[in-house]
Amino acid sequence: KTFAVLISQKIRGVAAIDWIQVRQYAAFAAFFDTPICQPWYSMGGLATLTSLTPINLLPQPLDVLAKAALDQLTFGVFYTAVFFIVHGLIGGKSLEDAVKNMRVQIWPCTRASFAYWIPATWLGLSMRDELQIPTFNCCGVVWTIIQSLIAKKLEEAEMARRANTRWHVAAAVLRVPG
């Protein structure tokens, strides 16, 4: 997580390392990500959920793809919601503000993540057990890079829009009625 945050900051052009953000992600990884994801993926959480469905009757690799989709439709949504709330709290927001932010962010982020995380989860679940968590971590770094590139493009577009708006306002103010 820390490596991904540092890459993200570099992509976004942050002048100096934002150590507060680095600490936020490190705390999140230590107190939520690892304690929740490890049991879910490596100690039977997803396997238990899958056993309640007919997914295991599907032929390979379709069964792993179905597990990945089930994972993202259940645990993925839960994880994303908690991610926004915990990051808000760690970042100094009140619980109420963190929940409000999560409600705004959850569905756009969830929709976008399905396109990436279902194939990424399929990749992780296709690995031997001891390689699953490292594979998910690598996929997480790639996801952070993608999100950082998107955020940078959005920031650049917003800056261009503001500059264009200022130009039009200045031109309108400077116009002399003819």
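Just so you know, these numbers come straight off a predicted model, no measurement behind them. (Residues numbered from 1 in each chain as written. Predicted model: local features only at pLDDT ≥ 70, side-chain atom pairs only at ≥ 80, totals over all residues. Heavy atoms only, no water.)

Novice: Give me the overall build of the protein: which residues, what numbers.
Specialist: Counting its regular elements, the protein contains six helices and zero strands. Each principal axis of the C-alpha atoms in the protein carries an extent, and together these give about 80 × 35 × 30 Å. Residue burial in the protein is summarised as follows: out of 178 residues, 32% are buried. Counting only carbon and sulfur atoms, one obtains 68% of the accessible surface of the protein, whose full area is about 11300 Å². Side chains of the protein carry 16 positive and 11 negative charges; the gap between the two charge centres is 10 Å. (Helix = DSSP H or I, 4+ residues; strand = E, 2+ residues; numbered from the N terminus. Buried < 20%, exposed > 50% of the residue type's maximum accessible area, 1.4 Å probe, protein only. Areas by Shrake-Rupley, 256 points an atom, 1.4 Å probe, with all protein chains shown as cover. Lys, Arg positive; Asp, Glu negative; His and termini not counted. Charge placed at Lys NZ, Arg CZ, Asp CG, Glu CD.)

Novice: With reference to specific residues and values, describe the pattern of salt bridges.
Specialist: For the structure on display, the rule yields three salt bridges. We note a salt bridge from Lys 100 to Glu 96, for which the minimum N-O separation is 3.3 Å. Pair noted here: Lys 100 and Glu 96 are both in helix H5 (residues 95–126), with a separation of four residues, about one helical turn. Classification of Glu 96 as exposed rests on a relative accessible area of 53%. Of the charged contacts, one joins Lys 152 and Glu 156 as a salt bridge, the two residues approaching to 3.5 Å between their closest N and O atoms. Taken together, the residues Lys 152 and Glu 156, both in helix H6 (residues 129–174) and four residues apart, mark about one turn of the helix. (Salt bridge = Lys/Arg side-chain N within 4 Å of Asp/Glu carboxyl O.)

Novice: Talk me through the environment of Thr 74; I want residue IDs and the actual numbers.
Specialist: Structurally, Thr 74 can be placed in helix H4 (residues 62–90). Residues Thr 74 and Gln 38 lie 36 residues apart in sequence; the distance between their C-alpha atoms is 16 Å. Setting aside residues no more than four positions away along its own chain, Thr 74 makes contact with Trp 40 and Leu 49. Within the structure, the side chain of Thr 74 is placed 2.7 Å from the backbone oxygen of Leu 70, a separation counted as a polar contact. (Contact = heavy atoms within 4.5 Å. Polar contact = N/O pair within 3.5 Å; in protein donor to acceptor, adjacent residues only side chain to side chain.)

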